[in-house]
Amino acid sequence: GAVVSQHPSRVICKSGTSVKIECRSLDFQATTMFWYRQFPKQSLMLMATSNEGSKATYEQGVEKDKFLINHASLTLSTLTVTSAHPEDSSFYICSAQPSHMDTEAFFGQGTRLTVV
Amino acid sequence: AQSVTQPDIHITVSEGASLELRCNYSYGATPYLFWYVQSPGQGLQLLLKYFSGDTLVQGIKGFEAEFKRSQSSFNLRKPSVHWSDAAEYFCAVSGNTGKLIFGQGTTLQVKP
């Protein structure tokens, strides 16, 4: 149980285009999901907290108009990188916090984004 | 401020030797503590976690960690390292929201 599926695992896009990344909790409901970013040889940094049915909460320094987050259901959150640039190339990983359970959030497999 | 410090950026140990990775945290409330491992180009795998109770926590792959509140530490240990343990290790802290603060990571290299 407690599986989080993140898609795609890898994506290459052209500079100026948008890319959507999906994060799904397969066997549990998640009121809250989190999006992290990891640059090469660095740690993971929280970008935003995604709450089902409401606006996401962004961490300081993260552009909300560039990184659009939608959490339309209890099992799906999406991150859209708009007008991507090479500096947005990174590893993006989501986690989902099970609703009504005192347990840790579960991570997806991550998405390697390369902007060329 | 809430933070996690992993003092050792890079550690090299010989296969079969013991291992200890250090982690110190600063957190205003009761912390939930985690150790994750990440192989190159891969996602995160949870090694172990501490929420409450026994301060010595057993995890997967023969790892254990001890929570020491007085020292604000949660060090990871393994009695005998295998070559397959070479990876990046992250210590993390959260409250009960699931939002994680990660340390900088420690790269473990294992010598044959």
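See above for the structure.
Because the structure is predicted, anything quoted here is derived from the model rather than measured.

### Quick look at the interface of chain A and chain B
Inference 1: In this assembly, 19 residues from chain A lie in contact with 19 residues from chain B.
Inference 2: Between chain A and chain B, roughly 1400 Å² of surface is buried when both sides are summed, and carbon and sulfur atoms account for 56% of that area.
Inference 3: Three residues, L44, E104 and F107 of chain A, lead the burial of chain A against chain B; their summed loss comes to 33% of the area buried on that side.
Inference 4: Across the contact surface, chain A and chain B share two salt bridges.
Inference 5: Here E104 of chain A makes a salt bridge to K49 of chain B, at a shortest N to O gap of 2.5 Å.
Inference 6: Counting every contact that joins chain A to chain B gives six residue pairs in polar contact (both at pLDDT 80 or more).
Inference 7: Put simply, the parts of the chain that give the side of chain A that touches chain B at least two residues each are β4 (32-38), β5 (44-51) and β9 (90-97) of chain A.

### Quick look at the packing of aromatic side chains
Inference 1: With the rule as written, the count across this model stands at 14 aromatic pairs over all chains.
Inference 2: Ring centres 4.3 Å apart and planes at 20 degrees place the aromatic pair Y32 of chain B and F51 of chain B in the stacked group. Here Y32 of chain B, found in strand β5 (residues 32-38), pairs with F51 of chain B, found in the loop between β6 (44-50) and β7 (56-58); they are 19 residues apart in sequence, far enough to count as distant.
Inference 3: Centroid distance F90 of chain B to F102 of chain B: 6.2 Å. Interplanar angle 90 degrees. Geometry classified as edge-to-face. Here F102 of chain B lies in strand β11 (residues 101-102) and F90 of chain B lies in strand β10 (residues 87-94), a separation of twelve residues in the sequence. Accessibility classification places F90 of chain B together with F102 of chain B in one group, the buried group.
Inference 4: Among the aromatic residues, those joined into a ring-pair cluster are Y36 and F107 of chain A together with Y32, F34, Y36, F51, F90 and F102 of chain B.
Inference 5: Sitting over the ring of F51 of chain B, K49 of chain B keeps its end group 5.3 Å from the ring centre.

Definitions and cut-offs
Residues numbered from 1 in each chain as written. Chains lettered and ligands numbered in written order. Predicted model: local features only at pLDDT ≥ 70, side-chain atom pairs only at ≥ 80, totals over all residues. Heavy atoms only, no water. Contact = heavy atoms within 4.5 Å. Buried area = accessible area lost by both parts, 1.4 Å probe. Salt bridge = Lys/Arg side-chain N within 4 Å of Asp/Glu carboxyl O. Polar contact = N/O pair within 3.5 Å; in protein donor to acceptor, adjacent residues only side chain to side chain. Helix = DSSP H or I, 4+ residues; strand = E, 2+ residues; numbered from the N terminus. Phe/Tyr/Trp six-rings, centres within 6.5 Å; stacked < 30°, edge-to-face > 60°. Buried < 20%, exposed > 50% of the residue type's maximum accessible area, 1.4 Å probe, protein only. Lys NZ or Arg CZ within 6 Å of the ring centre and 35° of its normal.

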